[in-house]
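Here is what each chain is made of, one letter per residue.
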Amino acid sequence: MMIRGSNREFTYLQHKNYNMLTLLDKIISFLAPYQCLACGIEGALLCESCRPLLPDLQPQCYRCHRTDNGNTTCRLCKRKTPLRRVWVRTTYDGFGEALVRKLKFERAYDAARTIAQSMSELDLPRDSILVPVPTATSRVRQRGYDQSVLIAEQLSSHTNLPCVTLLERYGQQRQTGSSRGQRQSQLSHAFAVKHKKLTGVKSIILIDDILTTGATLEIAAAVLRQSGVKRVEAVVFARAV
């Protein structure tokens, strides 16, 4: 993979595990088609007609929820975070929660496709690279895949933005139920950049499934900024309510 020059010089990183999962999913979905969670029609976990049932979120600062700056981090919060902007597609309840749970706990790979398709409706900048936020390795071993990678690769196919796994994750701490401060402490040394010098990388969009406090995104963004990336933003499927 090339790391010099412009963002266009990045090559797509193909994951053998992902390819095997999608092949297996195609076989299973042919034998036992997915049913829409809303209307029950066969074909997808949330069909095209029912996808509008995912509520849109009003553009806001991800930290303080101010709505006057769009999705850009507001002037006051900029001092506290390396993230320039965070897009969130929907809320983590109803069908949004059901899709994430299907992907994370029931190996329903079609959920990654549905989630990414809905995220692709956001107005993302065209000069960026998609970088999944790695899941704890214990979870990856347990599930057999990293759901953030699956979502990022599907989002790449819908947007034609390159997807590259630049981050590695260490530590097995669970962040569920933790405060922002606790999460930041737990994750302070959790991420590392695979390529120490990201020469020519101007813009990265981090990809994750759920936004709670934003601490995970902030730590990942800080590591990327320290490696030379000028602009780090993020897009997340659902915000915890």
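A brief look at the structure comes next.

Thresholds applied
Residues numbered from 1 in each chain as written. Predicted model: local features only at pLDDT ≥ 70, side-chain atom pairs only at ≥ 80, totals over all residues. Heavy atoms only, no water. Buried < 20%, exposed > 50% of the residue type's maximum accessible area, 1.4 Å probe, protein only. Helix = DSSP H or I, 4+ residues; strand = E, 2+ residues; numbered from the N terminus. Pairing = 2+ DSSP bridges. Contact = heavy atoms within 4.5 Å. Phe/Tyr/Trp six-rings, centres within 6.5 Å; stacked < 30°, edge-to-face > 60°. Axes fitted to C-alpha atoms, helices over the stretch in contact; angles between N-to-C directions. Parallel < 35°, antiparallel > 145°, perpendicular 65-115°, else oblique. Left-handed = near helix turned anticlockwise from the far one by under 90°. Nonpolar A, V, L, I, M, F, W, Y, C, P; charged D, E, K, R; others polar. Expected span 1.5 Å × (residues − 1). Arc of directions from axis to C-beta.

**A short note on the pairing of strand 2 (residues 129–132)**
Side-chain direction in a regular strand flips from residue to residue, so the side chains alternate between the two faces of the sheet. In strand 2, alternate side chains face the same way, and those of Ile129 and Val131 on one face and Leu130 and Pro132 on the other are all buried. Here strand 2 pairs with strand 5 (residues 203–211) via four bridges, running parallel. Paired with Val131 across the two strands is Leu206, which belongs to strand 5.

**Details of the side chain of Thr90**
Here Thr90 is to be found in strand 1 (residues 86–92). Apart from residues lying up to four places away in sequence, Thr90 is in contact with Leu54, Pro55, Leu57, Phe237, Ala238 and Arg239.

**Focus on the packing of aromatic side chains**
In total, this model carries one aromatic pair according to the counting rule given. Plain terms: the ring middles of Tyr109 and Tyr145 are 5.3 Å apart, the flat faces sit at 80° to each other, and that makes the pair edge-to-face. Here Tyr109 is found in the loop between helix 2 (94–105) and helix 3 (110–119), whereas its partner Tyr145 is found in the loop between helix 4 (137–143) and helix 5 (147–159), with 36 residues between them in sequence. Accessibility expressed as a relative area gives 9% for Tyr109, which makes it buried.

**Details of the environment of Pro134**
Here Pro134 is to be found in the loop between strand 2 and helix 4. A relative accessible area of 11% places Pro134 in the buried class. The sequence separation of Pro134 and Gln147 amounts to 13 residues, and the corresponding C-alpha distance is 8.7 Å. Those residues in contact with Pro134, other than ones at most four positions away along the chain, are Asp146, Leu167, Glu168, Arg169 and Phe191.

**A short note on the packing of helix 2 against helix 3**
Where helix 2 meets helix 3, the axes come as close as 8 Å, and the angle between the chain directions of the two elements is 140°. Comparing their axes, helix 3 and helix 2 come out oblique. Our pair here, helix 2 against helix 3, has a crossing hand that is left-handed. Here helix 2 contributes Leu99, Val100, Lys102 and Leu103 to the contact with helix 3, which in turn contributes Ala111, Ala112, Thr114 and Ile115. Within the contact of helix 2 with helix 3, the residues separate by chemical class into six nonpolar, one polar and one charged.

**Let's talk about helix 2**
Over its 12 residues, helix 2 extends 16 Å from the first C-alpha to the last, a length consistent with the 16 Å expected when each residue adds 1.5 Å. Residues of helix 2 that are buried include every one of Gly96, Leu99, Val100, Leu103 and Lys104, and no others. End-on, the buried residues of helix 2 take up no more than an arc of 120°, which puts them together on one face. Packing partners of the buried residues in helix 2 comprise strand 1, helix 3, helix 4, helix 5, strand 5 and strand 6 (231–240). Just downstream of helix 2, Arg107 is the residue with a positive phi angle, here 55°.

The values reported here are purely geometric and, on their own, carry no functional implication.
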